[in-house]
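A look at the structure
Listed here are the chains, written in short residue letters.
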Amino acid sequence: MCIEKKNLTWTLIPLFLAGIFCNTCKVIYQQQRICAVKGSSVIIPCSFYCPEPLRVKGLRWVHAKSHLKGTLIYGSNFKTAAKRFHFIQDNRQNCYLKIHPVERNDAGKYTFRLTTNSKEFKWSHQVGSTLKVVDLKVSVTNPDGNRATQEGDSLNLTCTHSCDGGNLSSAFTWFKNGEHINEGSILYLSNMSSENTGNYICSLKTHTGATSGAIYIDVEYGPKNTSVSVSPSMEVDAGTNISLICSSHANPPVENYTWFRVDANFSKDVGHQPVFFPDDGGKYLCCATNKHGSQNSSVVVLKIKAYWTTLPRDVLIITAIAVLLIVIALIGIRRFHKASTWTTETGCEEEIQDCMENTDYVNWLSCDTNQSQEGHPSEGGAEVIYTTVYFNHRNTEQQMDFHTE
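Here the structure is a predicted model, which is why all the values come from computation and not from measurement.

Criteria and thresholds
Residues numbered from 1 in each chain as written. Predicted model: local features only at pLDDT ≥ 70, side-chain atom pairs only at ≥ 80, totals over all residues. Heavy atoms only, no water. Helix = DSSP H or I, 4+ residues; strand = E, 2+ residues; numbered from the N terminus. Buried < 20%, exposed > 50% of the residue type's maximum accessible area, 1.4 Å probe, protein only. Contact = heavy atoms within 4.5 Å. Areas by Shrake-Rupley, 256 points an atom, 1.4 Å probe, with all protein chains shown as cover. Pairing = 2+ DSSP bridges. Salt bridge = Lys/Arg side-chain N within 4 Å of Asp/Glu carboxyl O. Disulfide = S-S within 2.5 Å. pLDDT = per-residue confidence, 0-100. Axes fitted to C-alpha atoms, helices over the stretch in contact; angles between N-to-C directions.

**Details of the overall build of the protein**
Looking only at helices and strands, the protein features 3 helices and 31 strands. Counting across all 405 residues of the protein, residues that qualify as buried make up 31%. Residue pairs in contact within the protein that sit at least 24 positions apart in sequence constitute 56% of those at least 6 positions apart. Summed over its atoms, the accessible surface of the protein is roughly 26,700 Å², and 53% of this surface lies on carbon and sulfur atoms.

Printed below as a string of structure tokens:
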């Protein structure tokens, strides 16, 4: 701080002497050329002096990109100045301009102007401070050449910007996928794996908003975590549609899938798609392959139940009911047949009885000797028998008289 005051004193002495002899205000710029990283903050320093009896009435900062006529970016009476520009005046001799954050179009020449009670002082385009705006950049060095990065390789990432002139004097911070991982101008990545894949950026340690563009590191590797999933399950009913799905993590993605059915002493190639539809049960596995290698899944055992054990409960119930109804029907038919036979036999017996009741019968009337003597004595000793025969057939009555001598 003492050194800065001493430098400021030596800077103001010539201005004071010039003001005494010339009776004018003077402005001096401590840095004619300033470099800033996009996204960071920058201060353009300056100082001024006005001798008596001049009095300062207004202050202005003007930005000129490539021509003399510039754009007013700050004024003591200017109420619409951009929020990124801040005028710093810690005492009457300082006229610092702070820009935060710095943008690409902020590059150009900046001049400071005064308005006094006598006149406005203007300076030509040669006077002022010129601001250069640069970007942070990340360069990648691959010791294994320009081939694609693979597991086990090493990379060096270097953060640079042209304001340093190649001296790498700035302090940097490294981020991977937005998370802080290291500090320093160079990031060393060795024995890389799939976990190193991601976006890398660097930033100024003092200005985290000043960042480089993202560098995507893509680490390639062969298939890993190869597995088989079964839908609907590994034990299914006969006739069920089964699908085996092979999945694997690989970079680049898996180029070929091969399905094998494993028997006692050998395996058979049965398919070449990620999804396989087996026809029957057994042991299966898949092999995933890309340009960096291949990997087999574990063996899955597919079991298919026998058909008779897979009938749905409702079907079994319906079948049992149908069988029961058939048995009942057969028993009923058999009993009906027996009943019909018994009825026929019984009907014959009744018919015989009816026949006996309705059959013509003969009433034999015999007269013994006593009767003949008492009733009708015979003549000449001959025996006379009278017989009456009745025929009764369904209300038809016939009478026949037989006379026997």
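There is more to say, and it comes next.
**Observations concerning the pairing of strand β1 (residues 26-29)**
Along any regular strand, the residues point their side chains to alternate faces of the sheet. Side chains of β1 alternate between two faces, with V27 and Y29 buried and K26 and I28 left unburied. Relative to strand β4 (residues 46-49), β1 runs antiparallel, the two sharing 4 bridges. Its bridge partner being in β4, V27 is matched across the sheet by F48.

**Quick look at the environment of V270**
Secondary-structure assignment places V270 in strand β24 (residues 267-271). A relative accessible area of 32% places V270 in the partly exposed class. Taking the C-alpha atoms as reference points, V270 and W259, 11 residues apart in sequence, are found 5.5 Å from one another. Those residues within four positions of V270 in sequence are excluded, and the remaining contacts are W259, F260, R261 and F276.

**Quick word on the pattern of salt bridges**
Pairs can form between side chains of opposite charge whenever their charged atoms are close. Going through the model one piece at a time under the given rule, you end up with 10 salt bridges. The closest approach of N and O atoms between D135 and R104, which form a salt bridge, is 2.8 Å. One end of the pair, D135, is in the loop between β11 (129-134) and β12 (137-141); the other, R104, is in the loop between β8 (96-99) and β9 (108-116), with 31 residues separating them in the sequence. Look at D135 and you get partly exposed, because its relative accessible area is 28%. Each of R84, E103 and D106 takes part in one network of salt bridges that share partners.

**Quick notes on the pairing of strand β18 (residues 207-211)**
Taken together, the 2 bridges between strand β17 (residues 198-204) and β18 define a ladder with antiparallel strand orientation. Directly across from S203, in β18, lies its bridge partner T211.

**Considerations on the environment of V254**
Residue position: V254 is located in the loop between β22 (243-251) and β23 (256-262). Put simply, V254 and P274 are 20 residues apart on the chain and 9.6 Å apart in space, counted from C-alpha to C-alpha. With sequence-adjacent residues up to four places away left out, V254 is seen in contact with S248, A288, T289 and N290.

**Focus: the environment of Y257**
Within the element layout of this structure, Y257 appears in strand β23. Between the alpha carbons of Y257 and F276 there is a distance of 10.0 Å; along the sequence they are 19 residues apart. If we skip the residues at most four places from it in the chain, Y257 touches C246, G271, H272, Q273, P274, C287 and A288.

**Here we look at the state of the cysteines**
Applying the stated rule across the entire model yields 5 disulfides. Here C46 is linked by a disulfide to C95, with a sulfur-sulfur distance of 1.8 Å. Separated by 49 residues along the polypeptide, C46 in strand β4 and C95 in the loop between β7 (85-88) and β8 bring together distant segments of the chain. Exposure remark for C46: the relative accessible area of 0% places this residue in the buried category. Left unpaired, C287 is separated from the closest cysteine sulfur, that of C286, by 7.5 Å. Taking relative accessible area as the criterion, C287 reaches 12% and is therefore assigned buried.

**A closer look at unusual backbone geometry**
Omega for the bond connecting H100 with P101 falls within 30 degrees of zero, at -10°, which places this linkage in the cis form. As for its placement among the helices and strands, P101 is situated in the loop between β8 and β9. Residue P252 is bonded to the preceding N251 through a cis peptide linkage, with omega at 0°. Along the chain, P252 falls in the loop between β22 and β23.

**Topic: the confidence of the model for the protein**
With 70% of its residues at a pLDDT of at least 70, the protein reaches an overall mean of 78. Every residue in residues 393-405 scores below 50 in pLDDT, and together they form 25 contacts with partners more than four places removed in sequence or on other chains.

**Describing the sheet that holds strand β16 (residues 186-189)**
With respect to topology, 3 strands assemble into an open sheet ordered β12-β13-β16, the strand pairing being antiparallel. Each having just a single partner strand, β12 and β16 make up the two edges of the open sheet. Neighbour-to-neighbour, the strand axes of the sheet open up by a mean angle of 20°, direction not taken into account. Here β12 pairs with strand β13 (residues 155-160) via 5 bridges, running antiparallel. Residue pairing for β13: V138 is matched across the bridge by C159.

**With respect to the sheet that holds strand β25 (residues 275-276)**
Within the open sheet, the 3 strands sit side by side as β20-β22-β25. Their pairing is antiparallel. At either margin of the open sheet sits one strand with a lone partner, and together these are β20 (221-231) and β25. When β22 meets β25, the two strands line up antiparallel, connected through 2 bridges. Along β25, the bridge assignment pairs I245 with V275.

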